[in-house]
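Coordinates in review
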Amino acid sequence: MSTGPDVKATVEDLSNDGNLNMAQEECSRKGFCSVRHGLALILQLCNFSIYTQQMNLSIAIPAMVNNTAPPSQPNASTERPSTDSQDYWNETLKEFKAMAPAYDWSPEIQGIILSSLNYGSFLAPIPSGYVAGIFGAKYVVGAGLFISSFLTLFIPLAANAGVALLIVLRIVQGIAQVMVLTGQYSIWVKWAPPLERSQLTTIAGSGSMLGSFIVLLIGGLLCQTIGWPYVFYIFGGIGCACCLLWFPLVYDDPVNHPFISAGEKRYIVCSLAQQDCSPGWSLPIRAMIKSLPLWAILVSYFCEYWLFYIIMAYTPTYISSVLQANLRDSGILSALPFVVGCICIILGGLLADFLLSRKILRLITIRKLFTAIGVLLPSVILVSLPWVRSSHSMTMTFLVLSSAISSFCESGALVNFLDIAPRYTGFLKGLLQVFAHIAGAISPTAAGFFISQDSEFGWRNVFLLSAAVNISGLVFYLIFGRADVQDWAKEQIFTHL
């Protein structure tokens, strides 16, 4: 990791050569072929792996709690002519499925298991973010990715051993996933030019939606064909393979990257020359506690992730129970909102940077506008869902629209912490993850309680409560949100506990 004096010397050398404009033009022509965009794509793949591991239990749990034993179900295709190879394949599938046990878990137990991923994860974000900010994110993120992927391979064995062991494994896995989701933002402090911050973070973040889309698309099919344990084996293996890509290709600082061009290195370093990105060992805790702009982001994180975790955990269940879809079709339908959300996250980041670079809107206006759009419209749409449940097409349209529009928050309040305190990005992301995971620990459990009390009105109450929480957070953010670097985040300000 580069030291503060080394980086400052590099900035001075690069700034004094008078070639900043040339570097900007060169990097503008390179576009998505740049190393920084390649880094965003690698992080997208890491987020893809982490979110497939977060979502795989949501898609597998209907198969884990239901005995789908007679092999010839009414909705199975039995009219095709039988061949020897097809008979052999069907017998092989039956052998695989016979190895997949089913468990007698109540809706309350299912809610606890789904929420357990977040039970211990609120302990890890702050230390992970702080360590990643001081020592670099490469090994923090890489270690978290490997641990989470390795433990995913053992979920079927833990489920067979008992609910308690499964919950413990999920808690440890959640802590490892926090290391990835928190530590990666420290990379952008030294890699993301201010005018490209939204697009780079949203490209990386879109991996969450892409991962959810893929696991929902094929997870149900895997459960119905070769059995639910292979959902964990396949996506755990993919995560382990991603580690082989992460360690040799990712560096914490463009100054030390062996493959980056001189022009791109010059452009990145000079664009960040006026921004104090050097991490501080000491933290201005008292000033942070008194900072209303920081509290606006914290509250917004809690409220927006309240709804996000409900959608992540219960979209397959909602579609299978309300639309009466089988496991395979439920997974395919559940995947649609996520693939649209993946595309819209990237488009939202590009639009935000376009509005900022052309000076059409101020940065704070962009952050608040995108947050308002991403909260208000999805809240209205989700509250309306129970009244269109009789129409399958309208239900799916509403779910897709909600996911697409809510993705605008990724270029709003959810990235705002990079604006107000770049020096403390790692620590603040960890703090924000604590609020997000507290919401994730509460909301699926609350949703499971409402649904178990009343299957007809339970969903309506879940959506009403989520909308109320979301809009409350929006109002607080619109009043107190800011986008300028705060005094306590500047180098000359030191107010410690």
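Residues numbered from 1 in each chain as written. Predicted model: local features only at pLDDT ≥ 70, side-chain atom pairs only at ≥ 80, totals over all residues. Heavy atoms only, no water.

For the protein chain, the name recorded in an unreviewed UniProt entry is Solute carrier family 17 member 4, with Piliocolobus tephrosceles as its organism. Taken verbatim from the UniProt record of the protein chain, the Subcellular location (unreviewed entry) comment is "Apical cell membrane". The record held by UniProt for the protein chain lists under Sequence similarities (unreviewed entry) the comment "Belongs to the major facilitator superfamily. Sodium/anion cotransporter family." (UniProt positions renumbered as here; feature names shortened; annotations may be inferred.)

1. So, the overall build of the protein chain
Per the secondary structure count, the protein chain includes 21 helices and 0 strands. Taking all 497 residues of the protein chain together, 55% fall into the buried category. Intrachain contacts of the protein chain at a sequence separation of at least 6 include 86% that bridge at least 24 residues. For the protein chain, the accessible area works out to roughly 20600 Å², and carbon and sulfur atoms hold 66% of it. (Helix = DSSP H or I, 4+ residues; strand = E, 2+ residues; numbered from the N terminus. Buried < 20%, exposed > 50% of the residue type's maximum accessible area, 1.4 Å probe, protein only. Contact = heavy atoms within 4.5 Å. Areas by Shrake-Rupley, 256 points an atom, 1.4 Å probe, with all protein chains shown as cover.)

2. What to know about helix H21 (residues 458-480)
When the terminal C-alpha atoms of H21 are compared, their 34 Å separation across 23 residues agrees well with the 33 Å that a helix rising 1.5 Å per residue should span. Within H21, the full set of buried residues consists of Gly458, Trp459, Val462, Phe463, Ser466, Ala467, Val469, Asn470, Gly473, Leu474 and Tyr477. Packing partners of the buried residues in H21 comprise helix H15 (292-322), helix H17 (363-384) and helix H20 (425-453). (Expected span 1.5 Å × (residues − 1).)

3. Details of the packing of aromatic side chains
The description of an aromatic ring pair rests on the distance of the ring centres and on the angle between the ring planes. Here the structure, examined in full by the defined rule, presents 23 aromatic pairs. Site record: aromatic cluster; members linked through ring pairs are Tyr51, Tyr301, Tyr305, Phe308 and Tyr309. Lys138 extends its terminal NZ or CZ atom over the ring of Tyr251, reaching a point 4.6 Å from the ring centre. (Phe/Tyr/Trp six-rings, centres within 6.5 Å; stacked < 30°, edge-to-face > 60°. Lys NZ or Arg CZ within 6 Å of the ring centre and 35° of its normal.)

4. Some details on the side chain of Gln177
Summarising the element assignment, Gln177 is placed in helix H9 (residues 163-183). A distance of 3.1 Å separates polar atoms of two side chains, one belonging to Gln177 and the other to Ser148. (Polar contact = N/O pair within 3.5 Å; in protein donor to acceptor, adjacent residues only side chain to side chain.)

5. As for the pattern of salt bridges
On inspection of all chains with the given rule, the structure shows 5 salt bridges. Between Glu264 and Arg36 there is a salt bridge, with its nearest N and O atoms 3.1 Å apart. With a gap of 228 residues between them, Glu264 in helix H13 (residues 262-271) and Arg36 in helix H3 (residues 35-65) connect regions that are remote in the sequence. Neither residue differs from the other here; Glu264 and Arg36 are each classed as buried. (Salt bridge = Lys/Arg side-chain N within 4 Å of Asp/Glu carboxyl O.)

6. Structural notes on the environment of Val250
You can see Val250 is positioned in the loop between helix H12 (229-249) and H13. Separated by 207 residues in sequence, Val250 and Leu43 have C-alpha atoms that sit 9.3 Å apart.

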